[in-house]
Amino acid sequence: MSAVPPDVEEAAEGTVLAAEQAHLAVSRAALRRMREHARGLSADMAADAVSRDLLEAALDRRIEALADHPDTPLFFGRMDSAGGDELPPTMYVGRRHVHDGEVGRPLVLDWRAPVARAFYQAGPADPMGWRQRRRFGFQGGRLTAFEDEPLDGSAADAVSAILTAEIERPRTGPMRDIVATIQPEQDVIVRADLDRTLCVQGAPGTGKTAVGLHRAAYLLFTHRERLARSGVLIVGPSRAFLSYISAVLPALGEMRVEQATVDDLLGAATAPEPAEVAALKGDARMAGVLRKALWLHVRKPEEGLLVPRGAARYRLADHEVRELVAELRGSTRYGSGRAVLAQRLAHRILVLMERRGEAPDDRVQDAVARSRPVKQAIDQVWPKLTPEQVLFRLLSDTDLLAAAARGVLDDAEQETLRWAKPYRSHRSAKWTAADRALLDELADLIERTPSLGHLVVDEAQDLSAMQLRALGRRCATGSATVLGDLAQGTTPWAARSWADVLRHLDKDGQVTELALGFRVPGPVLDYAARLLPAIAPGLAAPRSFRLGRDALTVRRVPDPAAATVAAAREALAKEGTTGLIVADDTVPAHAAALAAAGLDHAVLGADAGHRLLLVPVSQAKGLEYDHVIVVEPAAIAGAETAGLARLYVALTRAVSTLTVLHRADLPAELAG
């Protein structure tokens, strides 16, 4: 059979592309009608003002979610069925559902719909009832290309050019969604049931952060009503990171998902602290110490209770009060225990009233529970406390610390915890980041922490056991998606295993691994992986989807400042963003050098809009740039105990090119 002439093949492709562009135009028109219909709905039908406000807010969110983004097509893929009765002949897959209101015909199916799973999972081994998958290339909102993949195994197993181009597309602005490029192993994680807690060990560039965000979007779509009540929260390592990922969920139609750092949840530190002290405070053993310290404030009653009611007086003996306190002590939360004790004491008084022939009701019991004698008795044996009061006394009172830590912390550890110069009161105390987790633990011991429906925690390997306990409380009745990379642990308390992380979260979860990187070029990933035997010997070296033959440059330079400026100027001549990653204490000097050279730049902050960002290495985690310049790896590695892990993070932020500049010798692990 003769080959199809190129001009004929090109004409046929043009005809197909024109038809697909026409379907896109029809879909966009239908989306406009859907939005206009939502605008026309009124909240006046609500029964009361509160219901009207809620309905107006829901309509506003619906209108916002139906907004069209002209730079992005409504669909990125299509599936053609094999002729089964249960499947539509053609299914277009996109970021949101679009239907023709006149006939009710779906024009685009939301990627989260159950039937759309086939776009990511169907293959020759299991076509799932479909004959062919089509991917679309686009630019500026217009379809520019398409690729067809037969699902019967008849085509050669080739890498999709459109898929590769989308993965390698230069970075501009915040993180993008990956709905067009989700891989089968990622899709399995995204579509996991709401009741399952998943822990994802992901090497750099494997898309673990995007997978976690897309799982949140999928769960909100699948369990809309349930999660609307209980809520979803994204927890990231920094405000810069949250700013970077902030556009992903809105692009997927999820407009109202809360995002926070651990500091946002627990409170920001107001004082620094030595690493060894912070590590001890972050130890899970502190939970037992705090519990005992709190309950040591409950005293044994030394006298009974006398309650006057009119001309009568009712007395409880001291041993009766002791019995009630002993029944409640440690069996309930501290705050609710006070309230229950008041009711128990009042009930005993009511029994005495009944014995005298009175007929008191519940109102009398409540009045007795609120009476001055009962309040005074409770304040004496069960004082009202705040977390700050308890922690202040624990860290400044040698006797309380010794009693609370007996059998848990040795003498040296107690000495490490104790304040060398105690503050005058809990009101004047300056709390560290580790203290904030302890205060949160105490707050939960006093009053229960409300639980969310689902929690997504990124860079979880850097959280202490006490911080993980704080997050676990916030999804105690829900589930979690835990994301991270043990090789990127840079805190003194960094996790050594995901089993430990799940245990501290109090979750029985499943650990899965993403080892194939899609963003970081192969040579860059291989170079950084030289550090793994030193920082995470139990992890296998990650693999990369991308060859990137010219992606890595390692250069010894006589003048690092001049070489850095030259490298930054060269990177800016290319498309995309540039991250200049340096040791934290050298940021001012590099900023001055860039300014002197007239290079427009900004130091990394919540606003990451500049093409050239000067990034303190401590803030680089979770971020990525098209071009990365790392200056003096030895200085980064030598700046802290976990310096090699910090360097591993810096080296794996590149999407297109990595340039390493050094005058000092490279760390031995990178040599060769």
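- As annotated in an unreviewed UniProt entry, the protein carries the name AAA family ATPase and comes from Actinomadura craniellae.

1. Some words on the overall build of the protein
Thinking step 1. Check the secondary structure of the protein and you find 28 helices and 22 strands.
Thinking step 2. C-alpha atoms of the protein, sized along the principal axes, occupy 110 × 70 × 45 Å.
Thinking step 3. Within the protein, the proportion of its 672 residues that are buried is 51%.
Thinking step 4. The long-range share in the protein, meaning contacts at least 24 apart out of those at least 6 apart in sequence, stands at 74%.
Thinking step 5. When the accessible surface of the protein is summed, it comes to about 31300 Å², and 51% of that surface belongs to carbon and sulfur atoms.
Thinking step 6. Computing the positive centroid from 82 side-chain charges and the negative centroid from 88, the protein places the two 6 Å apart.

2. What about the UniProt feature "binding site: ATP" (unreviewed entry) in the protein?
Thinking step 1. In this numbering, the UniProt entry assigns the feature "binding site: ATP" (unreviewed entry) to Gly202, Ala203, Pro204, Gly205, Thr206, Gly207, Lys208 and Thr209.
Thinking step 2. In this fold, Ala203 is placed in the loop between strand 7 (198-202) and helix 6 (208-222).
Thinking step 3. For Ala203, a relative accessible area of 9% gives the class buried.
Thinking step 4. Setting aside residues up to four positions removed in sequence, Ala203 forms contacts with Lys208, Asp485, Leu514 and Pro542.
Thinking step 5. If you trace the backbone, Gly207 turns up in the loop between strand 7 and helix 6.
Thinking step 6. A relative accessible area of 24% means that Gly207 is categorised as partly exposed.

3. What to know about the UniProt feature "domain: UvrD-like helicase ATP-binding" (unreviewed entry) in the protein
Thinking step 1. UniProt records the feature "domain: UvrD-like helicase ATP-binding" (unreviewed entry) at residues 181-521, using the numbering of this structure.
Thinking step 2. Taken end to end, residues 181-521 is 50% helix and 12% strand, and its two terminal C-alpha atoms sit 17 Å from one another.

4. What about the sheet that holds strand 4 (residues 105-110)?
Thinking step 1. A sheet is described by the order of its strands in space; here six strands give the open sequence 3-4-2-1-5-6, paired in mixed fashion. Each having just a single partner strand, strand 3 (98-100) and strand 6 (142-150) make up the two edges of the open sheet. Recorded for the sheet is a direction-independent mean angle of 20 degrees between the axes of neighbouring strands.
Thinking step 2. By the bridge criterion, eight bridges tie strand 5 (residues 130-139) to strand 6 in an arrangement that is antiparallel. Paired with Arg135 across the bridge in strand 6 is Glu147.

5. Comments concerning the environment of Leu623
Thinking step 1. Within the secondary structure, Leu623 is located in the loop between strand 20 (612-616) and strand 21 (625-631).
Thinking step 2. Spatially, the C-alpha atom of Leu623 lies 38 Å from that of Val26, the residues being 597 residues apart in sequence.
Thinking step 3. Every residue in contact with Leu623, bar those within four places of it in the chain, is listed here: Ala240, Phe241, Tyr244, Leu604 and Arg653.

6. Notes on the packing of helix 13 (residues 318-328) against helix 14 (residues 334-355)
Thinking step 1. Where helix 13 meets helix 14, the closest approach of the two axes is 10 Å, and the angle between their N-to-C directions is 145 degrees. Of the two possible hands of crossing, helix 13 and helix 14 adopt the one that is right-handed. Residues Glu320, Val321, Glu323, Leu324, Val325, Glu327 and Leu328 of helix 13 touch helix 14, and the partners they reach there are Gly337, Val340, Leu341, Arg344, Leu345 and Arg348.

7. Observations concerning the packing of aromatic side chains
Thinking step 1. Enumeration according to the criterion identifies 11 aromatic pairs in this entry.
Thinking step 2. Judged by centre distance (5.8 Å) and plane angle (40 degrees), the ring pair of Trp419 and Trp431 falls under tilted. Of this pair, Trp419 sits in the loop between helix 19 (411-417) and helix 20 (433-446) while Trp431 sits in the loop between helix 19 and helix 20, and the two are 12 residues apart along the sequence. Here Trp419 matches Trp431 in class, with each residue buried.
Thinking step 3. An aromatic cluster of three or more residues is present, and its members are Phe392, Trp419, Tyr423 and Trp431.

8. As for the pattern of salt bridges
Pairing is possible between side chains of opposite charge, provided their charged atoms come close.
Thinking step 1. Counted under the stated rule, the structure contains 36 salt bridges.
Thinking step 2. Put simply, Arg418 and Glu415 hold a salt bridge, and the shortest N to O gap is 2.4 Å.
Thinking step 3. Residues Arg503 and Asp500 are paired through a salt bridge, measuring 3.0 Å at the closest nitrogen-oxygen approach. Of the two residues, Arg503 and Asp500 both sit in helix 22 (residues 498-505), three residues apart, roughly one turn of that helix.
Thinking step 4. Where salt bridges share partners, they join Glu20, Arg78, Asp80, Arg131, Arg134 and Asp148 into one cluster.

So, how was this worked out
Every chain's residues receive numbers from 1 upward, in the order its sequence appears when written. Selection of residues for local features in this predicted model requires a pLDDT of at least 70, selection of side-chain atom pairs for listing and counting requires 80 or more, and totals for whole chains, interfaces and linings are taken over all residues. Water and hydrogen atoms were dropped before computing side-chain values, which therefore reflect all heavy atoms in the structure. To qualify as a helix, a DSSP run of H or I must reach at least 4 residues; to qualify as a strand, a run of E must reach at least 2; elements of each kind are numbered from the N terminus. Relative accessible area decides the class of each residue, using a 1.4 Å probe on protein chains only: under 20% of the type maximum gives buried, over 50% gives exposed, and in between gives partly exposed. Between two residues, a contact is recorded if the distance between any of their heavy atoms is within 4.5 Å. Note on areas: Shrake-Rupley with a 1.4 Å probe; residue coverage comes only from the protein chains shown. None of His or the chain ends enter the tally, which takes Lys and Arg as positive and Asp and Glu as negative. Here the site of a charge means NZ on Lys, CZ on Arg, CG on Asp, or CD on Glu. UniProt positions are given in the numbering used here, feature names are shortened, and annotations may be inferred rather than shown by experiment. Here, any two strands with at least 2 DSSP bridges between them count as paired. Simply put, an axis is a line fit to the C-alpha atoms, just over the touching stretch for a helix, and the angle between two N-to-C directions goes from 0 to 180 degrees. We call a crossing left-handed when the near helix sits turned anticlockwise from the far one by less than a right angle, and right-handed when that turn is clockwise. Pairs were defined over the aromatic rings of Phe, Tyr and Trp, the Trp ring being its six-membered one, requiring ring centres within 6.5 Å. Orientation was assigned from the angle between planes: stacked under 30 degrees, edge-to-face over 60, tilted for the rest. The working definition used for a salt bridge is a side-chain nitrogen of Lys or Arg within 4 Å of a carboxyl oxygen of Asp or Glu.

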